[in-house]
Amino acid sequence: MKYLLIIFISFEFIGSCNAQSNDTEAALYNVGFGAIFGTVGAIINKEKAEPLGKVIKKSLWQGALGGYITFESKRILRESARQEQWEYFWVAKVVNAAGTSIKENAALNNDFWERWHINIGFNRLEFHTKEKFTIKYKLMPYTFGYVVDAFFRYDFKFKESLRVGDFIFSTNTEFNNNNFINVDAISRPGHIVYETNFIDDIELQAHEVVHQYQSNDFSIFNTYLNKPVTNWSKKNKTVSFLYKHLYLEYHYLILSPLYVLESKNANNYYDNFFEHEAEYFSSGFD
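For the structure given in this document, a descriptive report is provided here. (Residues numbered from 1 in each chain as written. Predicted model: local features only at pLDDT ≥ 70, side-chain atom pairs only at ≥ 80, totals over all residues. Heavy atoms only, no water.)

1. Regarding the sheet that holds strand β4 (residues 155–156)
If you trace the 4 strands from one edge of the open sheet to the other, you get β4-β5-β9-β8, paired in mixed fashion. Edge strands, defined here as strands with exactly one partner in the open sheet, are β4 and β8 (185–188). In the packing of helix α5 (residues 141–153) onto the sheet, contacts are made with β4, β5 (167–171), β8 and β9 (191–195), and the angle to β5 comes to roughly 35°. (Pairing = 2+ DSSP bridges. Helix = DSSP H or I, 4+ residues; strand = E, 2+ residues; numbered from the N terminus. Contact = heavy atoms within 4.5 Å. Axes fitted to C-alpha atoms, helices over the stretch in contact; angles between N-to-C directions.)

Written out as structure tokens, the structure reads:
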């Protein structure tokens, strides 16, 4: 419980100090996020015999590096919207996956190159490089439930999904978000739903994909439970099997309440930190 309190206080401090009205502030937020929460995770996951100072030093620079790379991935999205180049979406996705992987390695107290991953909807591909190169597939069950539900509710768009790198759906129904404005799209775990008339709006696509990247940012908090889950899996075969094949998204227990809290405290739609960041990296508020 004390770690949850630290997370909420730290995020509110970082968010309040970085409104992201320019790239310097945006970079400071992303670098600070990776450095702070990567270091907290590394302290949690360090071995008892390891010197604390050494662990903090390594995790600080690794987390900061990962944060800077995720910042660049969001800038690539903004550039894709400005130049109307759909090809940039996959470039941004790969860069974002690299930055997220480095942050998670920092929080796991690993070297930054030990484990890489990329998420596509509810699918997580992991690339392990420490001893020998191996590829592992993990299903994200929480996201899987949301995506399956979307297949029953909306029209799946294969071409749009392929060009963006996420599950894309469309609907003729208007969305209402936080009673501020009617929105033309909504981002949910592992997928994005657009009102049919806005499916090709590249600026809107970039905005919603930033929300997917925000979820990737918060996945760093899943590493905080690595030790207890690993120890439990050693004692229980069922847990061990599930741990090998599932990636549990505990981070939504933090991300979702924070989004709601930001919405309740907002004076307007973009006063919400998450919406502000998504708009900054899509349109730049032009």
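Now that the structure has been shown, the text picks up again.
2. Considering the packing of aromatic side chains
If you walk through the whole model with that rule in mind, you get 26 aromatic pairs. Here the aromatic rings of F122 and F144 are separated by 4.9 Å at their centres, their planes lie at 90°, and the arrangement is edge-to-face. Linking F122 in the loop between β1 (115–120) and β2 (123–128) with F144 in helix α5, this pair joins segments that are 22 residues apart in sequence. Note on F218 and F221: the rings are 5.5 Å apart at their centroids and 65° apart in plane angle, and the pair reads as edge-to-face. (Phe/Tyr/Trp six-rings, centres within 6.5 Å; stacked < 30°, edge-to-face > 60°.)

3. Overview of the sheet that holds β1
Taken together, 3 strands build an open sheet; the order of strands is β1-β2-β3 and the sheet is antiparallel. The open sheet terminates on both sides in strands that have one partner only, identified here as β1 and β3 (134–139). For this sheet the average axis-to-axis angle between neighbouring strands, irrespective of direction, equals 20°. Examined bridge by bridge, β1 and β2 share 6 bridges and lie antiparallel to one another. When the sheet's bridge partners are listed, N119 is paired in β2 with R124. In the packing of helix α4 (residues 88–107) onto the sheet, contacts are made with β1 and β2, and the angle to β1 comes to roughly 135°.

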